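# Breakdown of the fold
The lines below spell out each chain.
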Amino acid sequence: MGTQESQKSNSRTGGTGRRAFLGAAAVLGAAGTGLGLAGTARAADAPLGAGRGGRGLKSLPVPTIIGHRGASGYRPEHTFGSYQLALDLGADIVEAGDLVPTKDGHLVCRHEPEIGGTTDVASHPEFADRRTTKVLDGVSTTGWFTEDFTLAELKTLRATERIPANRPHNTLYDGRWEIPTFEEVLKWQDEQTRKRGKQVWIYPELKHPTYFRKLGLGLEERVAKLLRKYGKDGRNAPVILQSFEPTSIQRLNKLVDNPLVVLLSGATTRPWDFVETGDPRTVADLVTRKGLREIAGYAQGIGPTLDLVIPKDASGNLTTPTTLVKDAHAVGLILHPYTMRNENPFLPANFRKGTDADAYGDVFGAYRTYFATGIDGVFTDQPDTGLLAREDHVNG
C-alpha cells in the first residue's frame, strides 16, 4: 500500500457506498443483545447473532462462524471433504480457497504454493526433479510449488493432513481427495446452495500476490474473471475476498464489487507488498485510527490475528483487549479475526488443559473472552464448536 490507489469510477458501486453498507452491519453486530438459536436468520431488526435481513453481509449471523479452510479440525484442509463438512456442521461461511496458481494459469486451493506438506507429491517419483528451493516473500523455502505444475499434473496428487502431530485422526483421510480448483469451488457453491435451500458463502484468500505477479501469474485478474463468469462479482455476492497484501485488495477494489478484507498479521510485521515497495509501515501502523481510515477507503473489513484483539503476555496468557474493535467499527470496518482451534497448543495458555498436543482445552472459555470484545465473526477449524460458543454468547 505504498501509494493510495484511486477508487472505482462512479459508474460502478464504489468503495464509499459499500463501506456505508457494511459499516451499518458492523454497528448492528456490535450493539445487539440476545438471540434464540444460533445461525437462524431473522428480520432486519433482529438482535445480535441473528441474520439482520436484507442481502449481502447483512444476512449473516453475528458473530459469524467461518470454517477455516473448511472444517480443517476434522478433515485435511482445502478439500471438498473439509468444505462439505464445514457446511454440514453449520458454518456460516466456508473459507473455500487459499488461491495459488498453476503453471498453466489455473487457480487451485492450497494453503501455500509449496505443497510438500499438504499433498502426497513426495511419493510421486515422476515429480522428484521438481523439488527445489525458492525465496517466498523473503523466506527460503524448499519443496514442490504449484507454479511448477500444470493443472493436469496437480490433479494426479492427493491431499494429506498438514499438522499430523496435532491431528493424527485427520491422517485417516490422507489420499482421499484431490486438489480443488477455484472454478470447481464456485460450481460447488452453487450446487450446495440449491441442495440446501439457502445461500452458501465462501471466503477465498489470495496468497502471495506480489510473488505471483512477478512470475507473470497475477491473481487478482484471474479471480475477477472467474467471479464475473459465475455472476459473483457484485457487492451482495456471497464471496468475500481477503489478502495479507493491502495493494492486492486495492487492485481487487478496482476489478470487482465484492466485500474485501485486509488480513493483518503480528503488530511488528510488514505486509510483503510494503517490503517490495519500500513502504516502512508495519501492521502496528495499519491498526491505528489513521491506518484503519485508510483501509476503509478501499476495503470493508479486516482479518486481524487474535493477538491484535487481545494481546498475550510473556507466558502466553491473555491480557487486556486493545481498542481495535472499537476503532475499526468507528470507521465502518467489520472484524473477522483468525484462528480459533480447540487443541491446547493453539489456545492462550490460561485456557489449556493438560499437555497433550492434540487434547482439547477450555476453548469455550476462550470464545467467551474473544466474543465479549465485540468482534463480528471468527475463523475456526472446528465450526461446530464455534456455533455452540455463539449460542452461549448470544444467550448470555
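No experiment lies behind these values; they were computed from the predicted model shown.

### Thoughts on the pairing of strand β10 (residues 260–264)
Of all 5 residues in β10, 5 are buried, a share of seventy percent or more. Taken together, strand β9 (residues 241–243), helix α7 (residues 246–255) and β10 form a β-α-β motif whose crossover is right-handed. Examined bridge by bridge, β10 and strand β11 (residues 301–304) share 4 bridges and lie parallel to one another. By the bridge assignment, L263 is partnered in β11 with G303.

### Here's the deal with the packing of aromatic side chains
Taken as a whole and judged by the stated rule, the model has 9 aromatic pairs. Between F80 and Y83, the ring centres sit 5.9 Å apart and the planes meet at 90°, which makes this aromatic pair edge-to-face. Here Y83 and F80 lie together in helix α2 (residues 80–88), a separation of 3 residues that amounts to about one turn. Using a relative accessible area of 0% as the deciding quantity, one classes Y83 as buried. Cluster of aromatic residues (ring-pair linked, three or more members): F80, Y83 and W188. A cation sits over an aromatic face here: R130 above F149, 5.0 Å from the ring centre. Looking at R341, its charged tip hangs above the ring of F346, at a distance of 5.0 Å from the centre.

### Remarks on unusual backbone geometry
Note that the residue after V62, namely P63, is joined by a cis bond; omega there is 0°. Mapped onto the secondary structure, P63 falls in the loop between α1 (15–31) and β1 (64–67). Of note, the amide linkage connecting Y338 to T339 takes the cis form, showing an omega dihedral of -15°. By the element assignment, T339 lies in the loop between β12 (334–335) and α13 (363–371). Phi at D137 is positive, roughly 50°, even though this residue is not glycine. With a relative accessible area of 18%, D137 lands in the buried category. With a phi close to 50°, H208 is a non-glycine residue in the positive phi region.

### Description of the pairing of strand β13 (residues 377–380)
Burial along β13 is two-sided: G377 and F379 and V378 and T380, pointing in opposite directions, are all buried. The sheet contact formed by β1 and β13 spans 4 bridges and is parallel. Pairing of I66 across the sheet is with F379, part of β13.

### As for the sheet that holds strand β2 (residues 93–94)
Strand order in the open sheet made by the 4 strands is β7-β2-β1-β13, with parallel pairing throughout. The open sheet has two edge strands, β7 (201–202) and β13, and neither has a second partner. Bridge count between β2 and β7: 2 bridges; the pairing is parallel. Note on β7: the bridge partner recorded for I93 is W201.

### Details of the layout of surface pockets
In this structure, the largest pocket encloses a volume near 500 Å³. Lining the largest pocket are 28 residues, and of these E205, K207, F244, S265 and Y338 lie nearest its centre. Within the residue set of the lining of the largest pocket, elements represented by two or more residues are β8 (205–206), β9 and β10. In the lining of the largest pocket, the residues fall into 10 nonpolar, 8 polar and 10 charged.

### Some details on helix α14 (residues 383–394)
For α14, which comprises 12 residues, the first-to-last C-alpha distance of 16 Å matches the rise-based estimate of 16 Å (1.5 Å per residue) to within 8%. For α14, every residue scored as buried is listed here: P383, T385, G386, L387, A389, R390 and V394. Those residues of α14 that are buried are in contact with β1, α2, α13 and β13. In the segment just after α14, G396 is the residue with positive phi, at about 75°.

Cut-offs and rules
- Residues numbered from 1 in each chain as written.
- Predicted model: local features only at pLDDT ≥ 70, side-chain atom pairs only at ≥ 80, totals over all residues.
- Heavy atoms only, no water.
- Buried < 20%, exposed > 50% of the residue type's maximum accessible area, 1.4 Å probe, protein only.
- Helix = DSSP H or I, 4+ residues; strand = E, 2+ residues; numbered from the N terminus.
- Right-handed = clockwise from strand over helix to strand, strands pointing away.
- Pairing = 2+ DSSP bridges.
- Phe/Tyr/Trp six-rings, centres within 6.5 Å; stacked < 30°, edge-to-face > 60°.
- Lys NZ or Arg CZ within 6 Å of the ring centre and 35° of its normal.
- 1 Å grid on protein atoms, 1.4 Å probe; cavity = no way out; pocket = protein on both sides within 12 Å on 5 of 7 lines; lining within 4 Å.
- Points joined across faces, edges and corners; volume = space filled by probe spheres on them.
- Nonpolar A, V, L, I, M, F, W, Y, C, P; charged D, E, K, R; others polar.
- Expected span 1.5 Å × (residues − 1).
- Contact = heavy atoms within 4.5 Å.

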